[in-house]
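One letter stands for each residue in the lines below.
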Amino acid sequence: PDIKSNQIKCIYIHVHTNLGGRAMLNFKEPEAVRALTCTLLKEDFGLTIDIPLERLIPTDLVGGQGEPRRGIDIGTGASCIYPLLGASMNGWHYLATEVDDICFDYTTRNVEQNNLSDLIKGELFHYVVL
């Protein structure tokens, strides 16, 4: 990756040196995980996403190729990562569902800023607990 990239610079803010002198990223710091996640998605997959710190940050990614598919991501979270990857890499269609207003707002923004609204449809569901 281009070391001059602003996203790469964001990761270096969170790099610490351990007692052995090795550079380490503290995965217990939400800001560090967010910076790394956003950078890897941008550098490796060309996806630009926003993730709120108080919501789940994905730490694993899936990929794959094959025939066009349709999928449902129930509880897509703030990043909408699996639909974003499936749509951008394979042209797959997704329904991304969420019950949290904040996560849904981020999901919508992430889909739109990556121009994938034609492949990913989002639905916000409100439910009542009885």
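Scroll up for the structure.
Residues numbered from 1 in each chain as written. Predicted model: local features only at pLDDT ≥ 70, side-chain atom pairs only at ≥ 80, totals over all residues. Heavy atoms only, no water.

A. Summary view of the pattern of salt bridges. In total, this model carries one salt bridge according to the counting rule given. A salt bridge links Arg109 to Asp50; its shortest N-O distance comes to 3.4 Å. Highlighted residues: Arg109 in helix 4 (residues 101-113) and Asp50 in the loop between helix 2 (30-45) and strand 3 (70-74), separated in sequence by 59 residues. Note on Arg109: relative accessible area 36%, which makes it partly exposed. (Salt bridge = Lys/Arg side-chain N within 4 Å of Asp/Glu carboxyl O. Helix = DSSP H or I, 4+ residues; strand = E, 2+ residues; numbered from the N terminus. Buried < 20%, exposed > 50% of the residue type's maximum accessible area, 1.4 Å probe, protein only.)

B. Structural view of helix 4. With 13 residues, helix 4 extends 18 Å between its outermost C-alpha atoms, agreeing within 8% with the 18 Å of an ideal straight helix rising 1.5 Å per residue. Where helix 4 is buried, its residues touch helix 3 (81-90), strand 4 (93-98) and strand 5 (120-124). For helix 4, the N-terminal capping position is held by Asp100, with its side-chain oxygen 3.0 Å away from the main-chain nitrogen of Ile102. (Expected span 1.5 Å × (residues − 1). Contact = heavy atoms within 4.5 Å. Polar contact = N/O pair within 3.5 Å; in protein donor to acceptor, adjacent residues only side chain to side chain.)

C. Structural context of the sheet that holds strand 3. Here we have three strands laid out as an open sheet, ordered 3-4-5, and parallel in their pairing. Every interior strand has two partners, whereas the edge strands, strand 3 and strand 5, have only one. With direction set aside, neighbouring strand axes in the sheet form an average angle of 15 degrees. Bridge count between strand 4 and strand 5: five bridges; the pairing is parallel. (Pairing = 2+ DSSP bridges. Axes fitted to C-alpha atoms, helices over the stretch in contact; angles between N-to-C directions.)

D. Spatial organisation of the nonpolar core. If you look at the biggest cluster of nonpolar residues, it comprises 17 residues, and the most contacted ones within it are Leu84, Leu116 and Ile120. Where this core is concerned, the elements lending two or more residues are helix 2, helix 3 and strand 4. Take this core: its biggest share by element is four residues, from helix 3. Setting aside residues no more than four positions away along its own chain, Leu116 makes contact with Leu47, Leu84, Ala87, Ser88 and Val111. (Core = buried A, V, L, I, M, F, W, Y, C linked by side-chain atoms within 4.5 Å.)

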